[in-house]
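Listed below are the residues making up each chain.
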Amino acid sequence: MSQKTIIAPSVLSADFARLGEEVEAVCKAGADWIHLDVMDGHFVPNITFGPPVIKAIRDRTDKVFDCHLMIEPAERYLGAFAVVGCNIITVHAEATTHLDRSLQAIRDLGCKAGVSLNPSTPETVIEYVLDRLDLVLLMSVNPGFGGQDFIPSVIDKVARVRAMIGVRPILIEIDGGVTPETAPLVARAGADVLVAGSAVFKDGREAYAGNISALRTAADEPRLAALGSR
Ligand code: DX5
Ligand code: ZN
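Attention in this report is confined to the structure presented alongside it. Computed from a predicted structure; not experimentally measured.

## Digging into the pairing of strand β3 (residues 64–70)
(1) Moving on: Taking burial as the measure, the seven residues of β3 include six buried ones, the bulk of the element.
(2) Moving on: Summarising the sheet, strand β2 (residues 33–39) and β3 pair through seven bridges and their orientation is parallel. Directly across from L36, in β3, lies its bridge partner C67.
(3) Moving on: The parallel pair β2 and β3 is bridged by helix α2 (residues 51–57), and the resulting crossover is right-handed.
(4) Moving on: Bridge count between β3 and strand β4 (residues 88–92): four bridges; the pairing is parallel. Across the sheet, H68 pairs through a bridge with T90, a residue of β4.
(5) Moving on: For the segment spanning β3, helix α3 (residues 78–83) and β4, crossover handedness is right-handed.

## Looking at the coordination of the zinc ion (ligand 2)
(1) Moving on: Looking at the zinc ion (ligand 2), the protein donor atoms are H35 (NE2), D37 (OD), H68 (ND1) and D175 (OD), and they sit 2.0 to 2.3 Å from it.
(2) Moving on: What the six donor atoms of the zinc ion (ligand 2) show is an angle range of 66 to 167° at the metal, which sorts the shape as octahedral.
(3) Moving on: Positions of the donor residues of the zinc ion (ligand 2) along the chain correspond to the pattern H-x1-D-x30-H-x106-D.
(4) Moving on: By relative accessible area, H35 is classed as buried at 0%.
(5) Moving on: Residue class for D37 comes out buried when judged on its relative accessible area of 5%.

Scoring rules and cut-offs
- Residues numbered from 1 in each chain as written.
- Chains lettered and ligands numbered in written order.
- Predicted model: local features only at pLDDT ≥ 70, side-chain atom pairs only at ≥ 80, totals over all residues.
- Heavy atoms only, no water.
- Buried < 20%, exposed > 50% of the residue type's maximum accessible area, 1.4 Å probe, protein only.
- Helix = DSSP H or I, 4+ residues; strand = E, 2+ residues; numbered from the N terminus.
- Pairing = 2+ DSSP bridges.
- Right-handed = clockwise from strand over helix to strand, strands pointing away.
- Donors = N, O, S within 2.8 Å, 3.2 Å for Na, K, Ca; no water.
- Tetrahedral: all angles 85-135°; square planar, octahedral: opposite > 155°, others 65-115°.

By themselves, these observations are geometric and do not establish any function.
Set out below in C-alpha cells:
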C-alpha cells in the first residue's frame, strides 16, 4: 500500500477547449492520476464526454486514466472505454443491475475494477463483490457537477469501508468537495485517493502545482497516522 496520498485531478473543471494542454499541465504540476467524469444526462443531470474525447487526450501522458462512469446502463460501454486507454473503470452500484458481472467484465478487459457509491447508498451493497474490486469510489457530493459542498457523512463511511476491506488490496477514493480543509478528514478515516476538480483547476495554470501540493500536504500526515493504526 502506497504511503503517499494519490491525487487525481478531475478534468471536469479544466478548460475543455484546451483539454490536451490541461492534462499535460496538471501532470507536470504533480497529478498522480487523471480522473475522467463521464456523464450521460440520464443517471446524472449533466452530460460531459465519452470515449472519443478520452482517446484524443490519451497520448498526452502516461499517468493512470481513472474513468468514473456516471452512465446507466454502463455494461454495454465498458469495452469502448477500455479500448481508448482507461486503466481504471468505475461503475456506480446504483446504475448497475448486475454489479458482479460488470466488475468481472472490467477485469476481463484488462482494467482495474471500481465501484462508486452515492452519498445515500449504504456500503453493504459491496459486501459480496469485495474480491472483484480494485477500488471503491465514495461520493462526497451528489454526482453531476463540480464545485459542490463536501457531505461529511462520507467520513464515517470511509472508516466502515476500510474495515470491510480488511487486508484486500483495494483503494478507497473520495470524490466531491475535496479541498485542503476536507482532505485531512477523509485521509484520517483511511482514504487513499483524492479526486479534486475545482480545488486543482483554479487561479490559472501557474497555480496548479501549488493547488496539488496543498491537497497532498493536508492529507499525507493524517493518512500516515491512519496507516500506522491499522
Ligand atoms: C462529480 C464528479 C467529480 C467532480 C468533483 O459528479 O464525479 O469528480 O468533478 O469536483 P469538485 O472537486 O469540484 O467537487
Ligand atoms: Zn468523479
